Amino acid sequence: VQLQASGGGLVQAGGSLRLSCAASGRKISLYHMGWFRQAPGKEREFVAATSWSGDRTVYGDSVKGRFTVSRDNPKNMVYLQMSSLKPEDTAVYYCTAAVGMAVVPPTRIGDYVHWGQGTLVTVSS
């Protein structure tokens, strides 16, 4: 599956942004879908994920209560709604896919096999 993230940009602290991930090649209903991010000089970290069925979601501690991940399987799209943004949310955000039929989507980077090019989110203070 090929993944393309979009929707990044410059936003002020406290603002909102919605990222989109368009998938092609295969149906995303076969995959858990996740978002990771990587800030300059830091390791890539888990942000959020939705199970293949869409009925289970998990979030990284730093974004809980502020970010919402969702998916539209018929449209082959995944979204990340980000609210109450902070300067520390500044990073390149990546859409990714993991194979598996577990109920809960994985959070480890090694479980994700398909990666798209990222989209840059910059939050100004």
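Residues numbered from 1 in each chain as written. Predicted model: local features only at pLDDT ≥ 70, side-chain atom pairs only at ≥ 80, totals over all residues. Heavy atoms only, no water.

1. As for the overall build of the protein
Next up, step 1: Counting its secondary structure elements, the protein contains 0 helices and 11 strands.
Next up, step 2: Counting helices and strands in the order they occur from the N terminus, the protein gives β-β-β-β-β-β-β-β-β-β-β.
Next up, step 3: In terms of overall dimensions, the protein is globule-like: its C-alpha atoms have a radius of gyration of 13 Å, near the 14 Å expected for 125 residues.
Next up, step 4: Overall size of the protein, expressed as C-alpha extent along the three principal axes, is 40 × 25 × 25 Å.
Next up, step 5: Taking all 125 residues of the protein together, the buried fraction comes to 43%.
Next up, step 6: The long-range fraction of contacts in the protein, counting pairs at least 24 apart against all pairs at least 6 apart in sequence, stands at 60%. (Helix = DSSP H or I, 4+ residues; strand = E, 2+ residues; numbered from the N terminus. Rg over C-alpha atoms; globule rule 2.2 N^0.38 Å. Buried < 20%, exposed > 50% of the residue type's maximum accessible area, 1.4 Å probe, protein only. Contact = heavy atoms within 4.5 Å.)

2. Thoughts on the pattern of salt bridges
Next up, step 1: According to the stated counting rule, one finds 5 salt bridges in the structure shown.
Next up, step 2: Between Arg37 and Glu45 there is a salt bridge, with the nearest N and O atoms lying 2.6 Å from each other.
Next up, step 3: Exposure remark for Arg37: the relative accessible area of 5% places this residue in the buried category.
Next up, step 4: In this structure, the salt-bridge partner of Arg37 is Asp89, at a minimum N-O distance of 2.9 Å. (Salt bridge = Lys/Arg side-chain N within 4 Å of Asp/Glu carboxyl O.)

3. Focus on the side chain of Arg71
Next up, step 1: Relative to the helices and strands, Arg71 resides in strand S7 (residues 67-72).
Next up, step 2: Despite its burial, Arg71 pairs with no opposite charge; the closest candidate is Asp72, at 8.5 Å N-O.
Next up, step 3: One polar contact links the side chain of Arg71 to the main-chain carbonyl oxygen of Tyr31, over a distance of 2.9 Å. (Lys, Arg positive; Asp, Glu negative; His and termini not counted. Polar contact = N/O pair within 3.5 Å; in protein donor to acceptor, adjacent residues only side chain to side chain.)

4. Focus: the nonpolar core
Next up, step 1: Judged by nonpolar contacts, the single largest core of 28 residues is most densely connected at Trp35, Leu80, Met82 and Tyr93.
Next up, step 2: Counting only elements with at least two residues in this core, the list comes to strand S1 (2-6), strand S3 (17-24), strand S4 (31-38), strand S5 (45-50), S7, strand S8 (77-82), strand S9 (91-99) and strand S11 (119-124).
Next up, step 3: Residues Phe36, Phe46, Ala98 and Tyr112 belong to the second largest nonpolar core, which totals 6 residues. (Core = buried A, V, L, I, M, F, W, Y, C linked by side-chain atoms within 4.5 Å.)

5. Some points on the side chain of Ser20
Next up, step 1: By the secondary structure assignment, Ser20 is in strand S3.
Next up, step 2: Among residues more than four places away in sequence, those in contact with Ser20 are Gln4, Ala5, Ser6, Trp35, Met77, Val78 and Tyr79.

6. Some thoughts on unusual backbone geometry
Next up, step 1: Of note, Asn76 is a non-glycine position whose phi angle comes to about 60°, a positive value.
Next up, step 2: Within the element layout of this structure, Asn76 appears in the loop between S7 and S8.
Next up, step 3: Of the residues examined, Asn76 reaches a relative accessible area of 13% and is grouped as buried.

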